[in-house]
Amino acid sequence: MQNYKDLEKNIEKDFSSVSSLETLQEFRLSYLGKKGKISLLMKELSSLDADQRKENAEQLNILKGKILELIDTKDNELQELILNEKLETEKIDLTLNVESKQGTIHPITQVIDEVIEIFGDLDFFVAEGPEVETDYNNFTALNTSENHPARQMHDTFYVKTETDGMPNVLRTHTSPVQIRSMLEQQPPIRLIAPGKTFRCDNDQTHTPMFHQVEGLVIDEESNMSHLKGCLEIFLKSFFETSELKMRFRPSHFPFTEPSAEVDIAYTRKGNQLIIGDGKEWLEVLGCGMVHPNVLRNVDINPDQFQGYAFGMGIERLAMLKYGISDLRTFFDNDLRWNKHYGFQPLNTPSILRDLS
Ligand code: DAH
């Protein structure tokens, strides 16, 4: 009978030098392959007599089982090692380089966010209205009757749909949001309404689409001095300056009485504008006390309620604050411009930190 003890020792010795899948395969072949030691011994069994064959076969099967077990355990061990090594060395970085890959916030969006932040702190809420508006809301309800000269001045875009026999319009200003809000809500009201507006005009200082923000306060006592204080706080916060010379110039709007336009002082230094002080004036907004007819048109009693309204152009505010000289560049979608004038997305304006 074969010395199985020696064979077993050899198996253990050979196995101890297995260190890779290749050497494990060699080990397997050297014992269990066609010409492997165990396989050859199995073949030799046929030449033995029945008793010896049985005895030797038993021993060989035990060894074969042991070898298979060793191979199986080692194989798992090596596979795991290989997988870990792969995980370690083949890392894929799925993160983006935030600085270089992200887009920027457009100055219009930034200024709207800043305006909302300031008025939000003064207890105004943000109202919205549609860009396709009825002629009634855009003009008539705002005390601008059909033959009123202000209608011509607005260079209105008309659209094909109608309301009450009148063609609808692309709103020429954000003021119709006043009407919608007063129809929806009883005073006290304190709202701002930022949004897109449209006029059929296109030259260096006009684009067919531009942005405005409307303001409206209706209650029982707000007066012109409240309007003045509110706008002063707004303009100082917006231009981030504690000194801001401003003047109210008498003006005319159909939906306010009295009406005023507000100018702020500035100085020119080279081609830079210094906002806040100086001998020159820039117009920044229109405002006034809400006309009693407007209140009547939305069923608010003008003997009980009163208030003020204001409206300003977002592009103009953005140009003044951020030194953008050409209005039309806002809408060119030139990526270099966007990158230069744009803002970091995560730096949302806050009056607790700096606005911009
Ligand atoms: N809607 C006016 C315009 O587009 C701006 C305006 C002026 C709005 C005075 C107002 C206001 O609310 O009181 O020119």
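As the structure is a prediction and not an experimental result, all values here were calculated from the model.

Conventions used here
- Residues numbered from 1 in each chain as written.
- Predicted model: local features only at pLDDT ≥ 70, side-chain atom pairs only at ≥ 80, totals over all residues.
- Heavy atoms only, no water.
- Salt bridge = Lys/Arg side-chain N within 4 Å of Asp/Glu carboxyl O.
- Helix = DSSP H or I, 4+ residues; strand = E, 2+ residues; numbered from the N terminus.
- Buried < 20%, exposed > 50% of the residue type's maximum accessible area, 1.4 Å probe, protein only.
- Axes fitted to C-alpha atoms, helices over the stretch in contact; angles between N-to-C directions.
- Parallel < 35°, antiparallel > 145°, perpendicular 65-115°, else oblique.
- Contact = heavy atoms within 4.5 Å.
- Nonpolar A, V, L, I, M, F, W, Y, C, P; charged D, E, K, R; others polar.
- Pairing = 2+ DSSP bridges.
- Near = heavy atom within 4 Å.
- Polar contact = N/O pair within 3.5 Å; in protein donor to acceptor, adjacent residues only side chain to side chain.
- Areas by Shrake-Rupley, 256 points an atom, 1.4 Å probe, with all protein chains shown as cover.
- Phe/Tyr/Trp six-rings, centres within 6.5 Å; stacked < 30°, edge-to-face > 60°.
- Lys NZ or Arg CZ within 6 Å of the ring centre and 35° of its normal.

Enquirer: Explanation requested: the pattern of salt bridges in the structure shown.
Expert: Side-chain pairs of opposite charge can arise whenever the charged atoms involved come near each other. Under the counting rule described, the total for this entry stands at 14 salt bridges. With a shortest N-O distance of 3.4 Å, Glu77 and Lys74 are connected by a salt bridge. Of this pair, Glu77 and Lys74 both sit in helix H4 (residues 50-89), three residues apart, which is roughly one turn of the helix. Judged by its relative accessible area of 17%, Lys74 is buried.

Enquirer: Can you help me understand the packing of helix H2 (residues 21-32) against H4 in this one?
Expert: When two helices pack together, you describe them by how their axes are tilted relative to each other and by the distance separating the axes. Relative orientation of the contacting elements H2 and H4 amounts to 170°, with a least axis distance of 10 Å. Looking at the two axes, H2 sits roughly antiparallel to H4. Two secondary-structure elements touch here, H2 through Leu21, Leu24, Phe27, Arg28, Tyr31 and Leu32 and H4 through Lys64, Ile67, Leu68, Ile71, Lys74, Asp75, Leu78, Gln79 and Ile82. Tallied by class, the residues present in the contact of H2 with H4 amount to 10 nonpolar, one polar and four charged.

Enquirer: Sorry if this is basic, but what is going on with the pairing of strand S10 (residues 280-290) here?
Expert: Every other side chain in a regular strand lies on the same face of the sheet, so the side chains alternate between the two faces. Burial within S10 is extensive, with eight of its 11 residues counted as buried. When strand S8 (residues 256-269) meets S10, the two strands line up antiparallel, connected through nine bridges. Within S10, the position partnered with Thr256 by the bridge is Val290. Both S10 and strand S11 (residues 306-313) contribute to a ladder of five bridges, which runs antiparallel. If you follow Gly286 over to S11, its bridge partner there is Gly311.

Enquirer: Got a minute to help me understand the site of the ligand in this structure?
Expert: Taken together, 15 residues lie around the ligand, and His173, Ser175, Arg199, Gln212 and Glu214 are the ones closest in. In the environment of the ligand, an oxygen atom lies 2.9 Å from a nitrogen or oxygen atom belonging to the side chain of Arg199. Gln212 has a polar side-chain atom sitting 2.9 Å from an oxygen atom of the ligand. Contact with the protein chains covers 90% of the free accessible surface of the ligand, which is 350 Å². Grouping the amino acids of the shell around the ligand by side-chain chemistry returns five nonpolar, eight polar and two charged.

Enquirer: What's the story with the packing of aromatic side chains in this structure? I'm lost.
Expert: Here the distance between the centres and the angle between the planes together describe a pair of aromatic rings. In the structure shown here, the tally under the stated rule is 13 aromatic pairs. A centroid spacing of 4.8 Å and a plane angle of 15° characterise the contact between Phe119 and Phe234, whose relative ring orientation is stacked. With Phe119 in helix H6 (residues 107-121) and Phe234 in helix H10 (residues 224-238), this residue pair connects regions lying 115 residues apart in the sequence. Classification of Phe119 by relative accessible area gives buried; the value is 0%. Residue class for Phe234 comes out buried when judged on its relative accessible area of 0%. Relative to Phe255, the ring of Phe253 has its centre 5.9 Å away and its plane inclined at 20°; by these criteria the two rings are stacked. A relative accessible area of 13% places Phe255 in the buried class. One aromatic cluster is present, formed by Phe119, Phe124, Phe234, Phe238, Phe239 and Phe310 through successive ring pairs. A cation over a ring is seen here: Lys321 above Phe238, with NZ or CZ 4.6 Å from the ring centre.

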